[in-house]
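These are the residues of each chain, in order.
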4 protein chains.
Amino acid sequence: MESRTSAARTGRPRSVAADAAILAATREALVELGWSKLTLGDVATRAGVAKTTVYRRWAGKNELVVDAVAALFDELELPDRGSLAADIEGVVLQFAAILDRPEAKSGLMAVVAEATRDEALRERIRASIVDRQKRLVVEGRARAAQRGELPPETDPEAASRTADLIFDVVAGAVVHRTLVSAEPVDEDWARRFAAMLFGGLAATGT
Amino acid sequence: MESRTSAARTGRPRSVAADAAILAATREALVELGWSKLTLGDVATRAGVAKTTVYRRWAGKNELVVDAVAALFDELELPDRGSLAADIEGVVLQFAAILDRPEAKSGLMAVVAEATRDEALRERIRASIVDRQKRLVVEGRARAAQRGELPPETDPEAASRTADLIFDVVAGAVVHRTLVSAEPVDEDWARRFAAMLFGGLAATGT
Amino acid sequence: MESRTSAARTGRPRSVAADAAILAATREALVELGWSKLTLGDVATRAGVAKTTVYRRWAGKNELVVDAVAALFDELELPDRGSLAADIEGVVLQFAAILDRPEAKSGLMAVVAEATRDEALRERIRASIVDRQKRLVVEGRARAAQRGELPPETDPEAASRTADLIFDVVAGAVVHRTLVSAEPVDEDWARRFAAMLFGGLAATGT
Amino acid sequence: MESRTSAARTGRPRSVAADAAILAATREALVELGWSKLTLGDVATRAGVAKTTVYRRWAGKNELVVDAVAALFDELELPDRGSLAADIEGVVLQFAAILDRPEAKSGLMAVVAEATRDEALRERIRASIVDRQKRLVVEGRARAAQRGELPPETDPEAASRTADLIFDVVAGAVVHRTLVSAEPVDEDWARRFAAMLFGGLAATGT
DNA sequence: GTCTAAACGAGACGGTACGTCTAGTCTTGTT
DNA sequence: AACAAGACTAGACGTACCGTCTCGTTTAGAC
């Protein structure tokens, strides 16, 4: 969404209701039609808005879908379940629950695919979705160190590299399980995954 | 691609050259245009073939792209590098090398996204791409047990569940690193990932 | 239809049944679909024959339809009803009856339209359909002269020009009434038309 | 062409220039290609317009061609040449001149052929082309009665039937001469035809 | 009784047009 | 200036036929 930082003091102001209506309509259309059959004209109709109003705010389908899906990840947070393994398990289940919703399933992978050829889109995904989750990894690591489950970090550069690795493993495994293997991320799977990850972290002393 | 195993004894036989030309043209178009801008008409032109010839053999863009991309994974094999960690590292690097090619990058995630709404497509992906890789996990596990790195498997049902978990972790992490984080899977990352995974496997006694 | 006058003494002879089956299938398709929706593939299927068999005998849709329609005009003949006016009336009714059949209606005007841009097709129509009718005019004129209704012809060149004129008037009026005005050529219309034509012929002394 | 008499107060109005451009392009294509090779895509290109713009205004090829050809008949009018025979001759020559133009030749018979299976198209032809000519017959008849060449009409019902008959004879003969016989409608033919028709009218007292 | 050459059925082939759909833009009048 | 409405250009969609071709399979007359 464009911000219109300056100017634009005159003329009719943009309808604030329209943004929310369009994003909601987008999610609705994603559920019903999936990404490839979703059209901006249809979204506009569902939102009770003219097509021009959509185009005035988003550059295209990809940008719109990223914003529509990003909102779903707002609810993600790191529970404190007493141990790192349990925390991992909890976050995995939360993440899987979001990913299992059809509007996320359908839209997320599609925009990631588009992003392979569009740096700006990749950046938008990173800012709206990825980074928001990555901070959970950092928080969880810090909490585990506080609890004494893992040694405190000394080299901040190495810590950042490790956080990236953990994030790719967690997010990648859950996404792959859900979308490619198309198997449910249930408590059993989450427990086994968390055990394996925690074991790996402990064994490598990170 | 339809197999026409039986019947079809009569009439002009299908050109055997056309199949290969179409798949090659598809990969070429994926590199140049990406999935969303690839059109079957363009593929047909590149292959020197009429549009109807493409539609006669593939039901649509998704099926065609799956087959075109699947061929890339033919070269995957499990190296024997002497230890499980080294084997994992080797496979990860091979997998990442394939995934880094633009024709795979662009096409694979897109068809996975489409597959979220199409069971038949999901099955095709599983048969053509996923299962071919999953067997590497099983082989690697067996080899590690032979070496004495891991205890031999007793419960085949649990072994299968574990293989699935490992596969989701390996494939998921590499895919996520490559496509979402858009960072290279270099030797360093592969070593750190393999160490973590091996640690987890050893720690959980699987 | 091509004749294969010479050569072709050897090899499998053409099926004689196929010709009739194809023409019948063509008329059937004309009735059901009309000219523009008639396809040679469909005709071949209806005739229980391969597409190649049709193309081996006719150059295209136009030629096939001309032949299929021409057969309908075989039944036209000049009745002797005792007077020229009555003869005209009889021939008009016969002609109209043929023209009212859907296979003629649909096909005839279409090939005439095509013939405006195809001299060979025009010639084929003339030979197969038009000339066969035109001789009725000449016969009727001669019979009327014999009866003393009209003066005997002296100048053969002028007689030919007059026959052409009469033919255009008769055929044109019936075709126009049937296809453009889409009104029935019933006995009343035929009687009024015959009276007018006979009156014109008598008045101009031709 | 659809009229959109009411409503449609909102939205961008249809380009008025497009209508004329499309009809002109249609006539041009008729001349160059004839009816059967004319395609709406080509017409759109010639008119400098997108294909959808054509389809938005006309239901198909037939409707478009009727409208394109109908415009040619606007110039038809009844000359006052002093006598009915001369008037007929004049109108016949005018009509023949229009019919001889390739855009009319090619298109008119084709749509008449199509109209045999399409009542709506038949009505469109009647309204756009046929009725506009038929009124010339009525005018000519009235003028002849005024001059005293023919008796005044008493029974309006019979008069209408006669006008229809005359119209079928005139239009039919000219069309047949031009398109089927493929002979020119020159002054000589027109004079002989007019004489015959006038003779018939006078003889039957209509 | 082979031999042989054309006709046959089937259906794939390269092409072309179809009529529909969507993208993204533009042009009205209205708010 | 944003808005609803809807026409606009551009171009892909998947389908249908065209007329040709390439197979394997009859089928008759010539040898």
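Keep in mind that what you see is a predicted model, and the values were worked out from it rather than measured. (Residues numbered from 1 in each chain as written. Chains lettered and ligands numbered in written order. Predicted model: local features only at pLDDT ≥ 70, side-chain atom pairs only at ≥ 80, totals over all residues.)

**Here we look at the overall build of chain A**
Within chain A one finds nine helices and zero strands. Reading the secondary structure of chain A in the N-to-C direction produces α-α-α-α-α-α-α-α-α. Relative to its 206 residues, chain A shows a buried fraction of 42%. When contacts within chain A are restricted to residue pairs at least 6 apart in sequence, those whose partners lie at least 24 apart make up 67%. (Helix = DSSP H or I, 4+ residues; strand = E, 2+ residues; numbered from the N terminus. Buried ≥ 20, exposed ≤ 12 C-beta atoms within 10 Å, placed from the backbone. Contact = placed C-beta atoms within 7 Å.)

**Side note on the protein's contact with DNA strand E**
As a matter of local geometry, DNA strand E sits amid 46 residues, with Gly-11, Arg-12 and Ala-50 of chain B, Gly-11 of chain C together with Arg-12 of chain D nearest to it. When contributions to the surface near DNA strand E are tallied by element, the ones reaching two or more residues are α2 (40–47) and α3 (51–57) of chain A, α3 (51–57) of chain B, α3 (51–57) of chain C together with α2 (40–47) and α3 (51–57) of chain D. (Near = placed C-beta within 6 Å.)

**Points about helix α6 (residues 102–115) of chain C**
Think of an α-helix as 3.6 residues a turn; residues three or four steps apart then line up on the same face. Taking 1.5 Å of rise per residue, 14 residues should cover 20 Å, and α6 of chain C covers 20 Å from first to last C-alpha, within 8% of that figure. Of all 14 residues in α6 of chain C, 13 are buried; the element is thus mostly enclosed. (Expected span 1.5 Å × (residues − 1).)

**Comments concerning the interface of chain A and chain B**
Counting from both sides, the interface comprises 39 residues of chain A and, opposite them, 39 residues of chain B. Elements with a minimum of two residues in the side of chain A that touches chain B: α6 (102–115), α7 (119–147), α8 (156–180) and α9 (187–203) of chain A. Here the element with the most residues in the side of chain A that touches chain B is α8 of chain A; it accounts for 12 residues.

**As for the interface of chain C and chain D**
With 39 residues of chain C in contact, the opposing surface of chain D contributes 39 residues. Elements supplying a minimum of two residues to the side of chain C that touches chain D: α6, α7 (119–147), α8 (156–180) and α9 (187–203) of chain C. The element that contributes the greatest number of residues to the side of chain C that touches chain D is α8 of chain C, accounting for 12 residues. Per-class residue counts for the side of chain C that touches chain D are 21 nonpolar, 10 polar and eight charged. (Nonpolar A, V, L, I, M, F, W, Y, C, P; charged D, E, K, R; others polar.)

**With respect to the confidence of the model for chain A**
The predicted structure's coordinates, where accompanied by low pLDDT, should not be read in detail. On average, residues of chain A score 91 in pLDDT, and 96% of them reach the 70 mark or higher. Counted against residues more than four places away or in other chains, residues 1–7 of chain A, with its pLDDT under 50, gives five contacts. (pLDDT = per-residue confidence, 0-100.)

**A look at the relation of the copies chain A and chain B**
In screw terms, the move from chain A to chain B is a rotation of 180 degrees and a rise of 0.0 Å along the axis, fitting with an RMSD of 0.2 Å. Viewed as a symmetry operation, the transformation between the two copies matches a two-fold axis. Interface overlap between copies is the fraction of interface residues in one copy that are interface residues in the other; for chain A against chain B it reaches 100%, indicating a shared surface. (Least-squares fit on C-alpha atoms with pLDDT ≥ 70 in both.)

**Some remarks on the protein's contact with DNA strand F**
The environment of DNA strand F is made up of 48 residues, and the closest members are Gly-11 of chain A, Arg-12 of chain B, Arg-12 of chain C together with Gly-11 and Arg-12 of chain D. In terms of residue class, the surface near DNA strand F is made up of 13 nonpolar, 20 polar and 15 charged.

**Here's the deal with the packing of helix α1 (residues 16–33) of chain A against α6 of chain A**
All names here are of chain A. Where α1 contacts α6, the two axes come as close as 8 Å, and the packing angle between them is 90 degrees. For the element pair α1 / α6, the angle class is roughly perpendicular. Only Pro-102, Glu-103, Ser-106 and Gly-107 of α6 make contact with α1, whose side of the interface consists of Arg-27, Leu-30 and Val-31. Classifying every residue of the contact of α1 with α6 gives three nonpolar, two polar and two charged. (Axes fitted to C-alpha atoms, helices over the stretch in contact; angles between N-to-C directions. Parallel < 35°, antiparallel > 145°, perpendicular 65-115°, else oblique.)

**Description of the environment of Leu-23 of chain C**
Relative to the assigned elements, Leu-23 of chain C resides in helix α1 (residues 16–33). In this structure, the C-alpha to C-alpha distance between Leu-23 of chain C and Leu-179 of chain C, residues 156 residues apart in sequence, is 23 Å.

**Things to note about the UniProt feature "domain: HTH tetR-type" (unreviewed entry) in chain A**
Under the feature "domain: HTH tetR-type" (unreviewed entry), the UniProt entry names residues 16–76 of chain A. For residues 16–76 of chain A, the helix share is 70%, the strand share is 0%, and the end-to-end C-alpha distance is 26 Å. (UniProt positions renumbered as here; feature names shortened; annotations may be inferred.)

**Description of the arrangement of the chains**
For the non-touching pair chain B and chain C, the nearest C-alpha separation works out to 11 Å. Between chain B and chain D there is no contact; the minimum C-alpha to C-alpha separation amounts to 18 Å.

**Remarks on the relation of the copies chain C and chain D**
Superposition record for chain C on chain D: RMSD 0.2 Å, screw rotation 180 degrees, translation along axis 0.0 Å. When you check the interface residues of chain C against chain D, 100% turn up at the interface there too, and the contact is symmetric in its surfaces.

**Structural notes on the packing of α6 of chain C against helix α6 (residues 102–115) of chain D**
Running from N to C, α6 of chain C and α6 of chain D cross one another at 165 degrees; their axes reach a closest spacing of 8 Å. When the axis of α6 of chain C is compared with that of α6 of chain D, the two are roughly antiparallel. Between α6 of chain C and α6 of chain D the crossing geometry is left-handed. Facing α6 of chain C, whose interface residues are Ser-106, Met-109, Ala-110, Val-112 and Ala-113 of chain C, α6 of chain D presents Ser-106, Met-109, Ala-110, Val-112 and Ala-113 of chain D. (Left-handed = near helix turned anticlockwise from the far one by under 90°.)

**Side note on the environment of Pro-102 of chain D**
All names here are of chain D. Tracing the chain through its elements places Pro-102 in helix α6. Looking at Pro-102, the number of C-beta atoms within 10 Å reads 14, which means it is partly exposed. Separated by 70 residues in the primary sequence, Pro-102 and Glu-32 place their C-alpha atoms 8.6 Å from one another. Apart from residues no more than four positions distant in its own chain, Pro-102 is found in contact with Leu-30 and Val-31.

**Some words on the domain arrangement of chain A**
All names here are of chain A. Each assigned domain of chain A is listed with its residue range as follows: domain 1 (16–57) and domain 2 (70–203). Taking only C-alpha atoms into account, the centre of domain 1 sits 29 Å from that of domain 2. Contacts between the two partners involve six residues from domain 1, matched on the other side by six residues from domain 2. (Domains from an automatic or database assignment.)

**With respect to the UniProt feature "DNA-binding region" (unreviewed entry) in chain A**
Taking the numbering used here, the UniProt-annotated feature "DNA-binding region" (unreviewed entry) corresponds to residues 39–58 of chain A. Here residues 39–58 of chain A is 75% helix and 0% strand, with 13 Å between the C-alpha atoms at its ends.

**So, the environment of Arg-143 of chain D**
Residues and elements named next belong to chain D. Within the element layout of this structure, Arg-143 appears in helix α7 (residues 119–147). Judged by the 16 C-beta atoms lying within 10 Å of it, Arg-143 falls in the partly exposed class. Between the C-alpha atom of Arg-143 and that of Val-174, which follows or precedes it by 31 residues, the distance is 22 Å.

**What to know about helix α5 (residues 84–99) of chain A**
For α5 of chain A, with 16 residues, the first-to-last C-alpha span of 22 Å sits near the 22 Å given by 1.5 Å per residue. Of the surrounding secondary structure, the elements contacted by the buried residues of α5 of chain A are α6, α7, α8 and α9 of chain A.

**A closer look at unusual backbone geometry**
Residues and elements named next belong to chain A. The backbone phi angle of Ala-182 is positive, close to 55 degrees, even though this residue is not glycine. Checked against the element boundaries, Ala-182 lands in the loop between α8 and α9. For Ala-182, a count of 18 C-beta atoms within 10 Å translates into the label partly exposed.

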